[in-house]
Amino acid sequence: MNILKLLDKLSDDSFFTRQTSRSGSLSDISAFGKKAAVAALPLGLAGLMTTTAKAETLTDTVPGTTMKSALTDALQLALTLEYLEDEYYRLGLNAGTLIPTADRTVFMQISKHEAAHVAFLKSTLTSLGTAPAAKPTFDFTAGGNFTPFTNYQQFLILAQAFEDTGVRAYKGQAGNVMSNKTVLQAALQIHSVEARHASQVRRMRANKGWVELANGGNMPAATNAVYAGEDVTLQAGFNTATAFGAAAGSAAYDEVLSGTDAAAIAGLFIV
């Protein structure tokens, strides 16, 4: 299906078509109701909303609980994102004929990967002496704004947004897991697989496999928070735009997503 025709079909829905500036990374999140999203986050993740992604110790909000490290906080965030993807694909695969036969093999494989990531993160947290966060209750309609399990094109849109969020979020937490080389290596291994997922889904939507100039590629304005900041072209003092042009220069370096923004995006789909 021509993706431009798809967006035309969605044009009656103001949620998808309202104009939003990409300069504000959480502008669309605010429209959903950011406070509600944060309140829905599992214990510990809400703390990431008010802290920067530095290797520092965060305190629990419940008296009597132990201190949490930046390492375990990062792993809890990753676990919540993996819970989200794992459940999303399982529900999609169980939604009757939602996914065309030709595409089911792809999503069956991605689903297996996400389940493996969940199992790894839970096991790792347990080995570090931290109880894994319980799986949240998800609402993939985001309060009635989406219908991903009855509309395959919307299913693909959210799949792309989730995968692109995961790719940036793993990079954003690298500094917080580097204290444990074994965990860092595993996180990098997961990160590269998430990037392959993102590229595959983007291709299925007739998009390029990479992101250029903070443009998700035929995505609704409501997903701008996922791509905000991807137009950076200055890398360690080297201006990639001067050397290769703004579009190619920005695409050559994928940007990080802070724990704050990643938790906010995930929170939109948590009851």
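Quick rundown of the layout of surface pockets? Include the residues and the values.
As a volume, the second largest pocket reaches approximately 230 Å³. Contributing to the lining of the second largest pocket are 15 residues, with Val167, Ala195, Gly209, Trp210 and Asp254 lying nearest its centre. Those elements that place two or more of their residues in the lining of the second largest pocket are α8 (152-172) and α10 (181-204). The biggest single contributor to the lining of the second largest pocket is α10, with five residues.

Break down the packing of aromatic side chains for me, with residues and values.
A complete count under the given rule lists 15 aromatic pairs for this structure. Their ring planes at 75° and their centres at 5.3 Å tell us that Phe107 and Phe155 sit as a pair that is edge-to-face. One end of the pair, Phe107, is in helix α7 (residues 101-127); the other, Phe155, is in helix α8, and 48 residues separate them in sequence. The two residues Phe107 and Phe155 agree in class, both being buried. In textbook terms, an aromatic cluster arises when at least three aromatic residues are bridged by ring pairs, as seen for Tyr88, Tyr89, Phe107, Phe138, Phe140, Phe146, Phe149, Tyr152, Phe155, Phe162 and Phe269.

Explain α10 residue by residue, including any values.
Given a rise of 1.5 Å per residue, 24 residues ought to cover 34 Å, and the 35 Å separating the end C-alpha atoms of α10 matches this to within 8%. Along α10, the residues classified as buried are Val183, Ala186, Ala187, Ile190, His191, Glu194, His197, Ala198, Val201 and Arg202. Those residues of α10 that are buried are in contact with α6 (70-93), α7, α8, α9 (174-177) and α11 (224-227). One side-chain oxygen of the residue at the start of α10 lies 3.1 Å from the amide nitrogen of Thr182, identifying that residue as Asn180. Phi turns positive one or two residues past the end of α10, at Ala206, with a value near 65°.

Explain a nonpolar patch on the surface to me, and be specific about the residues and the numbers.
On the surface, a nonpolar cluster with roughly 330 Å² of combined accessible area is contributed by Phe238, Phe244 and Tyr253. Mapped onto the fold, Phe238 is located in strand β2 (residues 238-239).

Please provide a residue-by-residue account of the packing of α7 against α8, values included.
Where α7 meets α8, the axes come as close as 14 Å, and the angle between the chain directions of the two elements is 35°. For the crossing formed where α7 meets α8, the hand is left-handed. Seen from α7, the contacting residues are Asp103, Phe107, Ile110, Glu114 and Leu121; seen from α8, they are Tyr152, Phe155, Leu156, Glu163 and Tyr170. Considered class by class, the residues forming the contact of α7 with α8 number seven nonpolar, no polar and three charged.

Go over the packing of α6 against α10, please, and point to the residues and values.
Where α6 meets α10, the closest approach of the two axes is 13 Å, and the angle between their N-to-C directions is 30°. The angle between the axes of α6 and α10 places the two elements in the roughly parallel class. In the crossing of α6 with α10, the sense of the turn from one axis to the other is left-handed. Facing α6, whose interface residues are Leu71, Leu75, Glu82 and Glu85, α10 presents Val183, Ile190 and Glu194. Along the lines of polarity and charge, the residues of the contact of α6 with α10 split into four nonpolar, no polar and three charged.

Calculation rules
- Residues numbered from 1 in each chain as written.
- Predicted model: local features only at pLDDT ≥ 70, side-chain atom pairs only at ≥ 80, totals over all residues.
- Heavy atoms only, no water.
- 1 Å grid on protein atoms, 1.4 Å probe; cavity = no way out; pocket = protein on both sides within 12 Å on 5 of 7 lines; lining within 4 Å.
- Points joined across faces, edges and corners; volume = space filled by probe spheres on them.
- Helix = DSSP H or I, 4+ residues; strand = E, 2+ residues; numbered from the N terminus.
- Phe/Tyr/Trp six-rings, centres within 6.5 Å; stacked < 30°, edge-to-face > 60°.
- Buried < 20%, exposed > 50% of the residue type's maximum accessible area, 1.4 Å probe, protein only.
- Expected span 1.5 Å × (residues − 1).
- Contact = heavy atoms within 4.5 Å.
- Polar contact = N/O pair within 3.5 Å; in protein donor to acceptor, adjacent residues only side chain to side chain.
- Patch = residues over 30% accessible without salt bridge, like charges linked within 9 Å, V, L, I, M, F, W, Y side chains within 5 Å.
- Areas by Shrake-Rupley, 256 points an atom, 1.4 Å probe, with all protein chains shown as cover.
- Salt bridge = Lys/Arg side-chain N within 4 Å of Asp/Glu carboxyl O.
- Axes fitted to C-alpha atoms, helices over the stretch in contact; angles between N-to-C directions.
- Left-handed = near helix turned anticlockwise from the far one by under 90°.
- Nonpolar A, V, L, I, M, F, W, Y, C, P; charged D, E, K, R; others polar.
- Parallel < 35°, antiparallel > 145°, perpendicular 65-115°, else oblique.

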